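# Inside the fold
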Amino acid sequence: MAHISNKTAEGIEAYLQSYGRKGLVRLVTCGSAGDGKSTMVGRLLYESKTLTEDQLAALKLDSKKIGTQGDSLDFSLLVDGLTAEREQGTTIDVAYRFFSTDRRKFIVADTPGREQYTRNMVTAASTADLAVLLVDARKGVQVQTRRHSYLASLLGIRNLVVAINKMDMVDWSEKTFSDISDEFSAFAKPLNFAAITFIPMSAMKGDNVIAPSEHMGWYHGATLLGYLETIPVDEDILQKIPFRLPVQLVSHPSQDFRGFAGTIASGVVKAGDRVRIQPAGRETRVARIVSADGDMERAVAGQSITLTLADEIDVSRGDIISAIDTSSQVADQFEVTLVWMAEEPMLPGRRYLLKIGGQTVNAEIGHLKHKVNVNSLERTAATQLVLNEIGVLNLTLDRQIAFDPYKENRETGGFILIDRLNNNTIAAGMIDFALRRASNIHMQALDIDKAARAELKGQKGCVIWLTGLSGSGKSTIANMMEKKLHAAGCHTYVLDGDNVRHGLNKDLGFTAADRVENIRRIGEVAKLMVDAGLIVITAFISPFRAERQLARSLVKEGEFFEVYVETPLALAEERDSKGLYKKARRGELKNFTGIDSPYEEPEKPEMTISTVTLSAEQAADAIISKLNEVGMTAGTIG
């Protein structure tokens with residue numbers, strides 16, 4: 001690199017030591033498309049002399065071939081690496097770039113400005129120390145200006161630079177700068193920024209990026225780089241909050257060593273410190289702090305270490321080792337703020353995987369309290385979230401976890417939600433606080449358990465889940481099965497879709513969200529009946545795979561038997577004695593499965609029954625025979 005080319009061989013080691021001591025700042029650039037984010041980042045790379053000779057030659061060549069600045073260098077080409085980005089003149093994906101100065105090292109995440117790429121901005125901002133928000137001086141504060149400001153605040157960024165760019169195109173007007181600054185300050189007042197700094201500049205011309213501008217003598221503040229080199233970095237701040245070490249790995253290479261490895265999320269730890277292991281709550285003392293360079297007496301936030309403990313206690317991946325007097329909290333129910341990042345909408349009642357630190361648990365989305373209009377910051381009522389929307393809701397986990405509220409510690413309060421079926425990341429979330437009932441409500445231990453109830457009945461409790469289109473014959477088959485099982489002395493119960501909607505689920509409609517809640521409730525009821533030792537037969541369309549998987553996950557392996565009652569849509573319509581399909585075809589019945597609402601066929605059901613070739617009684621016999629074969633009815637039923 002140009003700024004180290006004059007170093008002598010003898011001074012290289014000293015330079016590397018000095019380089020390693022430089023603070024690292026992670027910053028994210030954001031704002032509307034076309035505001036000049038990529039140009040600004042390119043200018044920083046160029047002016048800081050971080051570019052190699054090959055990169056500089058490529059920039060000159062690309063600027064002539066596809067640049068938009070005439071004979072001048074087009075600095076945006078240093079960042080916009082995708083062909084589509086260069087063709088459209090805009091950023092699509094997040095571009096990460098590194099540069100350094102004599103005082104600091106920087107990692108810059110250049111984010112897309114278009115609304116459809118909001119999730120990309122969230123990803124980049126989640127690890128940033130500060131945000132540089134660009135505003136086109138000609139256009140002023142735009143929708144995306146507000147959106148990205150709110151997201152930066154939401155994600156815990158406390159220092160914001162508002163770079164009012166393209167001042168050369170408004171004749172370096174002080175009034176334009178003041179008007180935009182005042183408008184943005186009024187909007188950002190409710191946000192939780194510790195400091196907002198306004199800098200007028202021209203990324204293309206270089207004014208106030210590295211050196212002070214000769215055209216704006218009325219501005220007496222810092223240049224952009226001058227500000228970036230002096231702002232306190234998060235490593236300094238993180239060392240001042242309580243110690244947290246999320247355990248990433250239990251290291252047990254020999255019988256003589258058992259350590260717990262991870263990166264310190266916050267605080268300081270010293271050998272001999274008393275610590276608490278959460279969520280279990282056990283207390284112990286730090287015996288050793290082991291690093292790649294040997295034992296340490298002290299370690300701080302950002303360092304990767306392995307701790308050994310004075311006592312032999314159980315510690316697992318995902319646990320948090322924390323300061324004894326200010327330990328992390330423990331709960332399994334929370335209010336959270338969620339940024340939805342999936343094409344399919346978020347539906348309350350649906351189960352997902354939640355990953356926080358090194359731990360992955362099952363999570364169920366509960367009541368959606370409101371969503372946030374990022375343009376006005378107003379809270380509005382909602383029943384679901386769609387792509388890029390932000391909402392506040394309740395979340396329930398299947399076990400307790402250690403955490404801190406996100407506003408206190410981003411590392412131990414942030415999480416992602418993962419689709420259970422395809423493993424896609426579908427949301428980023430921030431824990432606001434634990435719900436009060438999470439600490440006040442506990443499972444009551446009972447002496448009579450599921451095994452005792454099943455033994456008394458002489459059978460194994462299980463769920464026979466019939467799924468298929470309306471008119472496929474599910475209810476008829478379920479009724480026939482129960483008659484045969486009852487005659488054989490079995491204790492049974494049928495949960496039928498229509499019957500349940502007359503009582504337990506009479507408050508639900510047929511929207512996607514209501515269908516999810518319908519099956520969630522049925523799954524919970526079926527679980528209780530299995531716990532009572534009953535053979536439960538359910539007859540529900542249950543159109544979504546995710547909800548059928550949810551119902552399966554509520555009971556133990558071997559207690560759930562999914563039967564796909566396969567019937568062509570045309571035949572189901574012919575059997576429609578209630579006239580529901582005809583109403584749906586006429587548009588009188590909305591969200592009807594098979595017509596204007598999808599049915600997701602089971603991928604791996606325990607059994608598929610075709611009612612094209614089998615009567616209801618034959619189907620019932622075939623299912624019972626299969627149940628006997630796999631041992632779910634102990635082979636006593638015929």
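Residues numbered from 1 in each chain as written. Predicted model: local features only at pLDDT ≥ 70, side-chain atom pairs only at ≥ 80, totals over all residues. Heavy atoms only, no water.

What follows is about the environment of valine 463. Residue position: valine 463 is located in strand β24 (residues 462-467). Residue valine 463 is classed as buried on the basis of its relative accessible area, which comes to 2%. Discounting chain neighbours no more than four positions away, the residues touching valine 463 are Ala526, Val530, Val536, Thr538, Val555, Glu559, Phe560 and Phe561. (Helix = DSSP H or I, 4+ residues; strand = E, 2+ residues; numbered from the N terminus. Buried < 20%, exposed > 50% of the residue type's maximum accessible area, 1.4 Å probe, protein only. Contact = heavy atoms within 4.5 Å.)

Our focus in this paragraph is the confidence of the model for the protein chain. Averaged over every residue, the pLDDT of the protein chain is 86; residues scoring 70 or more account for 90%. The secondary structure element of the protein chain with the lowest average pLDDT is helix α4 (residues 83-88), at 41, and the one with the highest is strand β6 (residues 195-200), at 96. (pLDDT = per-residue confidence, 0-100.)

With that settled, the discussion passes to the packing of aromatic side chains. Scanning all chains against the criterion turns up 11 aromatic pairs. Where phenylalanine 334 meets phenylalanine 403, the ring centres are 4.9 Å apart and the plane angle is 85°; that geometry is what we call edge-to-face. Separated by 69 residues along the polypeptide, phenylalanine 334 in strand β17 (residues 329-340) and phenylalanine 403 in strand β21 (residues 390-403) bring together distant segments of the chain. One exposure class covers both phenylalanine 334 and phenylalanine 403, and it is buried. Ring centres of tyrosine 581 and phenylalanine 592 lie 4.8 Å apart, and the angle between their planes is 80°; on these two criteria the pair is classed as edge-to-face. Taken as a pair, tyrosine 581 in helix α18 (residues 580-585) and phenylalanine 592 in the loop between α18 and β28 (607-610) lie far apart in primary sequence, 11 residues in all. With a relative accessible area of 9%, phenylalanine 592 lands in the buried category. These aromatic residues form a ring-pair network of at least three members: Phe177, Trp218 and Tyr219. (Phe/Tyr/Trp six-rings, centres within 6.5 Å; stacked < 30°, edge-to-face > 60°.)

Right, let's talk about the sheet that holds strand β3 (residues 104-110) for a bit. On the basis of which strands lie adjacent, the open sheet formed by 6 strands has the order β2-β3-β1-β4-β5-β6 and mixed pairing. Strands with a single pairing partner mark the edges of an open sheet, and in this sheet they are β2 (95-100) and β6. The mean angle between the axes of side-by-side strands here comes to 25°, regardless of whether they run parallel or antiparallel. Where strand β1 (residues 23-31) meets strand β4 (residues 130-136), 5 bridges bridge the pair, whose relative direction is parallel. Note that in β4 the partner of cysteine 30 across the bridge is leucine 133. (Pairing = 2+ DSSP bridges. Axes fitted to C-alpha atoms, helices over the stretch in contact; angles between N-to-C directions.)

Another point: the layout of surface pockets. Its volume calculated, the largest pocket comes out at about 1,200 Å³. Sorting the residues of the lining of the largest pocket by element identifies α5 (118-125), α9 (234-238), β18 (351-356), α10 (410-413), β22 (414-418) and β23 (425-434) as the ones contributing at least two each. Take the lining of the largest pocket: its biggest share by element is 4 residues, from α9. (1 Å grid on protein atoms, 1.4 Å probe; cavity = no way out; pocket = protein on both sides within 12 Å on 5 of 7 lines; lining within 4 Å. Points joined across faces, edges and corners; volume = space filled by probe spheres on them.)

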